[in-house]
Structures are given as structure tokens and as C-alpha cells.
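Remarks on the overall topology
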Amino acid sequence: MIGFRISLINLLRLYLILSEAHGGSCLDAVWQPPRPNISHLRAISDKQSLLVSWLVNHSGLVGDFYEIQIGRTENHTIIYNRNVSIFSADSDEYIWTWTSDLPLECVDHSVRIRHFYNQSVPSPWSNWITNYKTQAKDKTKIFPFQRVLREGTSAMFCCVPPSGVDITSMTFNNSNYPLISIGARVKAIAVDNLTIPKGILKVYSLRCTDTTGESHPVWNYVSFPPQKPRNLSCVTSDMTNVTCTWDSGRQRHKHDRNKQTHTLYIENQAPIKCKPSSCTFQAISQLEEYNINVVVKDQLGEETESYSFNISDRVFPVVEWERVSPGVTDTTLSLIVQGNLTQLNLLCQVTTDPDSSTELSCHSVSGLCKVKLDHLLPNTRYSTRVRCSANGRLWGKWTEPMSFTTYLLVTLDVWRRIKQLSDPNSRQLTLLWTPHVPGSAATVNIQGYIVQWLQEGQNWTEWKESRQTEAEVSIGPGQYNFTVQAVVQMGSTPPAHITIPQRDDGEILPVEKRLSSSKAAGFNLSWEEQDTATCGYTVEWCVLGNAENCTLRWMKVPQGNNTLFLPARNFKAGCGYTFKIYGCIANEHRLLEIQTGYSQELNAVPSPSLIEPVQSTSSSVTLEWRYNEDDPAHPAFITGYLVTVQEVGSDTLPGHATNLFNVSVEHPRRKSVTIEDLQQNQEYTFSVSALTKEGPGQPASITIRTRSNYSPHLVKILTPIFLLLGCTILLWPQRKILTSWLKDIFVYPAGMNINIPELDSFLQETIEKMQSQKVEECSSCNIEILNNRPPLNETTARSDPEPRNTVPSPGSQSSPSTLPLSCVLLHTDYCPQSVTVLWGRPALQQTACITNKTYFQTMDMGDWSEAQVMLNETSAPSESLQESCSVIYGYISNDTL
């Protein structure tokens, strides 16, 4: 339907535009939306607000808006203009509120509106609706007056004079402000950032002076708006009345004129007037869940806080003392619980000073609750307080402290020391006891003690004076029951019992444990809890530590507790203590654990005793020492040893050492160490000290020189010998193969015929050429020429061209065996190096080698002639020289020869 209307209106507008374009003239009347009418205008003077209301046209479209204008004075001077969108398509009254910075009583304020159809077509303006100012008849009026203004805001004040009178000045709190003209003769001033006056009366004066000379003052107040209640909570003490409390926030001055009202609203109930921070109302029968609202309201606004709760969860019990009935070690407290709380589970918390606090259930039928305090000390004054809770949710207030004193009682703490005598059927028992008088011991006069025991069917009794606290008794191997009873002026105290178990020959002592020490804390003892220890534990130690025949101290630990703290002030630093922990099993004490420790360990332990002579090598020294690490006189546990090594240098002063380094021995029962990686023939100083948790103790020192090491020299000598011997052993099985192989290398093949004179002349020419040639790198297979001469008469041998002997030609079938014993042919396939084979006496040799084929011409194999072997011999033939021979073979170019 709305879409159809929009389409119809758009067609109508299009028709009007086209008619104007074709007709050549505009229409005298253009369609406009209807004029809106303001149905109501109301002024709220104390808030300086105007409430404007009008009817929204049902035919209006969603999204249309209205333009609103506010005019002042009779001339309707526009001071405010705003567009207001209307999103509702229903025909209903719309209310719009505007707040003025100037009091509405000062001048006329008029309002008019118009409607914009489809956000573009405006309607005609409505008529002006005016809220008229206040008329002054005979004297000037000032606005505002006696009004509460908001702290921190700005305010305008005006003076409205009667007809024919003008305003000359205005003062605020005795200060002049510049005048602002508003309308006919109306003047105003503006004051910024209003603050609450610091005087007793929280008011500001406003004064106007007119042309008549009269001054008219008025009063205004400055305050702050209400604050939202915080921490709202409700409780009940009797399930009948409910009290709600909250934090009201900033406190108001008692002379503040901005009075607040606090109202509590309960669902479906009448409002309840409240105090500024609390409110009490009666609980509604059969109602468990409550939803409440607390509204705080004053002249500057209002604030609301909501809260929901279940009344059963908000019970806050209130208890009062009835009486206290003390005993020796317990006390009964009688309490009165207010209200009908018998159907709830009451739990009361009781504190005693000195002692601790405990929680006890209260079984109340008629509002009277009784709780009992146990484990109190006799003859001790206590102060106690009680508070209770319903179902353990909210705790009520503490009662006023109540004091009482327990009755007097003297108790004895009994212990024993058992020593086995040489006779297996005899034991020495030392019975010890300590009287405990809680409270003031000066009021108790102990006259003596009665010691009783049963031995071999007979009862024995022994009297001890009041100053004696032990008794020596010889007993057998069986079980004994002892009682000790203190005698006071009022009679005898309850006896203390102790059972001595029978001797156990198969008893195995527990392994001793070590306790970690602390410098200030003392001893924290703990042991494995025994289910069979039905009567607790006893911890025993000596006052003077581990010394023999010392005074025993002991402490009882109740069942279920396996820890004990002993403060350090009761022990001596550097003194070892042994604690024996006994378990009480059926009134018999059995040893469970042995623990040793120090309240504070010291490092002043004596030095060890070094054992001499000391074993040493060229690179190590082995130290051994003696030390009793379990000596009870030690001021600390021995955790190991520290060995300090110092190298004594030749350039240091006597008795001084350098190059310090340490070696640690981590086990206290290991009393030897080997220091390695030392230098040979070097003097060292070794110091050994016992280690504790606090550091090393006194050292024991010794100076030792290491031995010299000859092993490297011996290795250098024996290494080649062993290598040669090893090679010989490895090659010995292959000796025949090696001999044949050497012969193949150093013997010429049979049938070689070398012309010695030609070869000699060839060599001479070749040497001369070589001297004039530049040495170059060989590029192919080497050719070696060996020239061997005896050391003596070398010139003579060279000048003698006559051969002494001729070797058969290569073509002959002669073998090397036909040659003299001093000459052996070499094979032609030997190329790597020049070889000279000599038999007989050694002689000096000269060998010339030419290994570059570039010095010779290349020719075919057919052009090569046989080489001859030249035998050089000395001018003085002798048998020894004849046996020395050099054999050289090769191929020489014919052109060269």
C-alpha cells in the first residue's frame, strides 16, 4: 500500500513538471504536504526545559523528518534549529524535549515545526507556540532563584525589570559580570564552572541593581547529582527481617539543600523508604528468591541499582554469650543464637588466644548452642571469640571476647635410657622425667615424686626429692611398667606411665641418615609415618651433641604427625647431633630411625695425614692420606677432599709456587688420588684438605719432584731397528724371488756387442755439444750413458784406446757366464736411472748421464749400428783393477759417430 502511494505521488509530480514545460507557464499552486500542528507545549522551569508534542501524520512515510525552530523574545529570534527524524509510521503523539541555557522565565520562548515529505518536499511552518516570560510589575525579578544548580556546569542568570526600569549591574557572589541584553530591558550574565562553596552554607548570592537604585538579592545552591549505589548486598539474621546495605558514594554536607531520597522496590510490593546507605524490610512468607531495586533521587537526577538473592543463602547468624565452663584441658562454651535457625546447619568458628582457631558444629534445638574446646593447657588464661555461619556461606559477626582460666594440673613427661651390661640378663635403666606446669609455675609447689615399678612379681616404690628428675634402676631382660607421680600441696597428680620392652637380641639398628643443615633455621626432622605407632613418636637427642654421657633431651610427637621442628637457638653451631626417633607401639617404644646433623656447619676441620713415601712417575703423582671422616668432634660433615697442586718455578722465591689448579675427590671415604699430566723432572707442592658444606678445612702439604722420562729417546733408537727387523722377517720367505728380480734389473742381456772406442769418442763429442746447448726438459723415454772410472790414474785410462778385452756381439750365443766374474751385462729395458754394478773392493766413481733425446737425430731402426762396449782400464794393470768393470750399452746415431 505504501509503495502504491509513493508511485502515485511520483506520477503526479512528473505530470506537473511536464505540464509546466509544455504550457509555457507555471502553475499558480504547487502541491505541498499539510501543515503540522503543535498539540502541546509545556515548560519545566526548575529544569529549564520545554516539552513539545505533536501528532505524527499516519500518511507520512518512514524516514521523513521534521525541522524544529526555537525563537526568543517577541521578535522570534531563532536561537535553535534542528531536524528530527521520525521512524515510526504509526499515527501517534511524538514528544521532543529541549533544554535552555537561559531560564525560561527571562524571555518568551516560541516553537514552530514543519514536515519534509519524502525528505525533499517541505510543508508550511506551523504556527508559533509561545511560552511567555514572567512579568515584573512593581520590582525587578531575578532568575533562577533558590534553585539547586549542578556542580561543574555553566549557568546564565537574568534580571527582568518592571516597565520603565533598566538594569544597571549584576553581581554573582559579590563579583560583577558583564551584562548581556536579551529582549526588552532584560539583562543576563553567564557564569562558568560552578563549584560548591566552601563555607558552611553552600549558597551563592545573585544581586541586580536597576535605575531606581534598588538592589534585589536572591540565593542559589550548588550540589552534585546522585551516584549509583555500589556493593549492594542483603542479609538476614533471623529469616524474618532482611537488611540491605550499599555504598552511597560521595558524602554530602549536612547543609546541602539537594536532599536525596532512597527507595527500595520489591517486586509486587509497595515501595519502602530507606536510609542513605541501608534499608530493612520484612521477609515475605514462602518467598525464597528476591529481586529488588534501590533508587536514589534528588533535584539533579536519579540512579538505580538492582540486586537478586536467595534468602537461605544470605543468613547472617548473630550469637551472644550465655556462660563459659572451664576445665583442666577443655572448656565448654554456651551460646544463644538469635532467630529461628534450627532448620539450618549451623557451623561455629571459635578462636582462642593464645592458641589457634577451630570450627565446630552447633546442634541447637531451642536457640542454645554448646561447643567444646579441647587440648587446652591447664592453669592458663585464654580469651575466646565465636561467630557462626548457616550452611557455611556467610559468617556472622564476632562476639565480644570472653576470658577464662583453665584449672591447675601438673603433668610429667617421662622417658628412659637403657644400657646393656656385660651380663646378658642385666640392663641399666635411667628413668628421666620433666614436670610441666602450664601457666605460672611459681604458683605450684612440687614436694617430690613417687617412682613405682613391677619387678619379678613384686612392686617397688622409690621416693625422689623435688629437685631430682631421674632414677637409676637395674632391670632384667623382661618387660617392665614404670609410673612416676608428682606430689603437690593439693595432692598427687595423675601418674605418667612408660613401658620398658623386653630385650631383643635380633634387633637390627636402622641405617643412619644425614640431615641438611641451615645457618639459622634449626632442625626440620621428618620420618616415615608408621601405621602401627598408635601412641605417637618420641625424638631423643643429647644436649651436648654426640658426646658420651650427656644429658638427654626428648620431645613427644602425637599420632598422625611425622615432622618436628627444633629451633637453632637450642643447639650449638659446629656441634653434631644424633636424633633417635622411636615409635610408640602398644605403649612400647621401638627405634625407627637415626638421623644426624648440624644446626650450623663450620669449615674449621683438621687437616688429613699424608702417607709417605709418595709414589710418582715422570708425569703423575699418587697421593694417599689418612682421615677419620666419622669423627664426632668434626664441626661439619666431611663431603670429600680438595687437592691443590702448585708448580714450583725456578724463578720464584723459596717456599713460593705458581700455576695453581685443584682436583676434587667427591667421596669422603676415598683417600687417594692420582694427579696426571705433570711435567717431568719438575717440583710440585701438593696440599690436601677435607671438604665440608662450608668449604675446605686445614690443608696438609708436601713437595715432590717428578722423575725424568727417557722413553722418547729410547723410542727414537729402537724404532728403525724394529722397522728393519720387521721388513727382514716379512721379506725373508720371498728371498729367492727378490734375488732373481735384482738380477733382471742389474744384468745386461746376452748377445750385446758394443764397440768401446767408438762409444768413447762419441761420449767425448756429446759432452762438448752438451756444454754449448741449453738444457731442456725431456719429452720422451730417457737414454742413459754411464761413465765409470776408477779413482786413480783416470787420465791414463782415458788415453788408452786399446781394448783389454772384447765382449761378443749381440748376435752371438755367448751368455753372461762366459764373461769374466767382474763384468755383468745389463738389460736394455732398464731406463729409470743410471746403474753401475761393481764387484770387488769399493772405489770412487764418476757417472755422467745424458737423458734428453733432443740432443740426437731421429732415425729409423734400420740405420742404427751396434754399439760396442768399451772397457777402460788403468795404466798399471793389476788383478784388483781387472776385476772391476763397467758395462754400458745403448744405441747411438751413425751420423753422430
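Residues numbered from 1 in each chain as written. Predicted model: local features only at pLDDT ≥ 70, side-chain atom pairs only at ≥ 80, totals over all residues. Heavy atoms only, no water.

Looking only at helices and strands, the protein chain has six helices and 55 strands in total. Residues counted as buried form 39% of the 897 residues belonging to the protein chain. Counting only contacts in the protein chain whose residues sit at least 6 apart along the sequence, the fraction spanning at least 24 positions is 65%. Surface summary for the protein chain: the accessible area is close to 52,100 Å², and the carbon and sulfur share equals 51%. (Helix = DSSP H or I, 4+ residues; strand = E, 2+ residues; numbered from the N terminus. Buried < 20%, exposed > 50% of the residue type's maximum accessible area, 1.4 Å probe, protein only. Contact = heavy atoms within 4.5 Å. Areas by Shrake-Rupley, 256 points an atom, 1.4 Å probe, with all protein chains shown as cover.)

What follows deals with unusual backbone geometry. Of the consecutive residues Phe143 and Pro144, the connecting peptide bond is found in the cis state with omega at -10°. Residue placement: Pro144 occurs in the loop between β9 (141-143) and β10 (148-150). Along the chain, Glu612 connects to Pro613 via a cis peptide bond; the corresponding omega equals 0°. In the Ramachandran plot, Asn681 falls in the positive-phi region, its phi being about 50° despite a non-glycine side chain. Among the secondary structure elements, Asn681 is positioned in the loop between β53 (672-675) and β54 (683-692).

Moving on, we get to the pairing of strand β6 (residues 109-117). Burial runs high along β6: nine of the nine residues are buried. Neither face of β6 is exposed, since His109, Val111, Ile113, His115 and Tyr117 on one face and Ser110, Arg112, Arg114 and Phe116 on the opposite face are all buried. By the bridge criterion, eight bridges tie strand β3 (residues 65-72) to β6 in an arrangement that is antiparallel. Residue Ile70 lies in a different strand from β6, and its bridge partner there is Val111. Here three bridges tie β6 to strand β8 (residues 129-131), and the two strands are oriented antiparallel to one another. Across the sheet, the residue bridging to Val111 is Ile129, located in β8. Sheet analysis places β6 next to strand β7 (residues 121-122), joined by two bridges and oriented antiparallel. Its bridge partner lying in β7, Phe116 is registered against Pro122. From the end of β6 to the start of β7, which pair antiparallel, there are three residues, and Asn118 there has a positive phi angle of about 55°. (Pairing = 2+ DSSP bridges.)

Structurally, Asn587 is set in the loop between β46 (576-585) and β47 (588-598). Here the alpha-carbon distance between Asn587 and Gly536, two residues 51 residues apart in the chain, equals 9.4 Å. Each residue touching Asn587, except ones within four places of it in the same chain, is listed here: Thr499 and Cys535.

Turning next to the sheet that holds strand β15 (residues 186-191). Reading across the sheet, the four strands line up as β9-β11-β15-β14 and stay open at both edges, with antiparallel pairing between neighbours. Edge positions in the sheet fall to β9 and β14 (180-182), since each of these pairs with one other strand and no more. Direction aside, the axes of adjacent strands within the sheet are offset by 25° on average. Relative to β15, strand β11 (residues 155-160) runs antiparallel, the two being bridged by five bridges. When the bridges of β15 are listed, Ala155 appears paired with Val191. (Axes fitted to C-alpha atoms, helices over the stretch in contact; angles between N-to-C directions.)

Tallied over the full model, the rule gives 29 aromatic pairs. On the numbers, 4.9 Å between centres and 85° between planes, the contact of Tyr598 with Phe637 is edge-to-face. On the criterion of sequence distance, the pair formed by Tyr598 in strand β47 and Phe637 in the loop between β50 (621-626) and β51 (640-647) is long-range, its members being 39 residues apart. With respect to burial, Tyr598 and Phe637 carry one shared label: buried. By way of ring pairs, the aromatic residues Phe523, Trp541, Phe571, Tyr577 and Phe579 are connected into one cluster. The aromatic ring of Phe224 is capped on one face by Arg252, whose charged end is 4.1 Å from the ring centroid. In this structure, Arg416 packs its charged tip against the face of Tyr582, placed 5.0 Å from the ring centre. (Phe/Tyr/Trp six-rings, centres within 6.5 Å; stacked < 30°, edge-to-face > 60°. Lys NZ or Arg CZ within 6 Å of the ring centre and 35° of its normal.)

Another point: the nonpolar core. Leu412, Val414, Trp433, Phe482 and Val484 are the most contacted members of the largest nonpolar core, which totals 31 residues. Mapped onto this core, the elements with two or more residues apiece are β33 (411-420), β34 (427-436), β35 (446-455), β37 (470-475), β38 (480-488), β40 (496-500), β44 (552-557) and β47. If one sorts the elements of this core by residue count, β38 sits on top with five residues. Ignoring anything within four residues of it in the chain, the contact list for Phe482 reads Leu429, Leu431, Val451, Gln452, Trp453, Val473, Ile475, Ala496, His497, Ile498 and Ile500. (Core = buried A, V, L, I, M, F, W, Y, C linked by side-chain atoms within 4.5 Å.)

In space, the three strands of this open sheet follow the order β18-β19-β22, with antiparallel pairing throughout. A strand with exactly one partner marks an edge of an open sheet, and here the two such strands are β18 (230-236) and β22 (278-282). Between one strand and the next, the sheet's axes are offset by a mean angle of 15°, whatever the strand orientation. In the sheet, β18 pairs with strand β19 (residues 241-247) via five bridges, with the strands oriented antiparallel.

Time to look at the state of the cysteines. Summed over all chains, the structure comprises six disulfides. In this model, Cys106 is linked to Cys158 through a disulfide, with the two sulfur atoms separated by 1.5 Å. Across the S-S bond of Cys106 and Cys158 the torsion is about -85°, and the bridge reads as left-handed. Of this pair, Cys106 sits in the loop between β5 (93-99) and β6 while Cys158 sits in strand β11, and the two are 52 residues apart along the sequence. (Disulfide = S-S within 2.5 Å.)

Here we take up the confidence of the model for the protein chain. For the protein chain, per-residue confidence averages 77 on the pLDDT scale, and residues scoring 70 or more make up 75% of the total. For the stretch residues 777-781, pLDDT sits under 50, and the model shows six contacts to residues farther than four places along the chain or on other chains. Within the model, pLDDT remains below 50 along residues 787-897, and this stretch shows 218 contacts once partners closer than five positions in the same chain are excluded. (pLDDT = per-residue confidence, 0-100.)

In this section: a nonpolar patch on the surface. A cluster of nonpolar side chains, Leu714, Ile717, Leu718, Ile721, Phe722, Leu725 and Ile729, forms an exposed patch at the surface whose accessible area comes to about 690 Å². Its location among the elements puts Leu718 in helix α2 (residues 711-731). Leu718 gets classed as partly exposed once you look at its relative accessible area, which sits at 32%. (Patch = residues over 30% accessible without salt bridge, like charges linked within 9 Å, V, L, I, M, F, W, Y side chains within 5 Å. Salt bridge = Lys/Arg side-chain N within 4 Å of Asp/Glu carboxyl O.)

With that settled, the discussion passes to the pairing of strand β12 (residues 167-172). Alignment of β12 against strand β16 (residues 203-210), held across five bridges, turns out to be antiparallel. Bridged to Ile167 within β16 is Asp210. In this sheet, strand β13 (residues 175-176) lies alongside β12 in antiparallel orientation, the contact comprising two bridges. Residue pairing for β13: Phe172 is matched across the bridge by Ser175.

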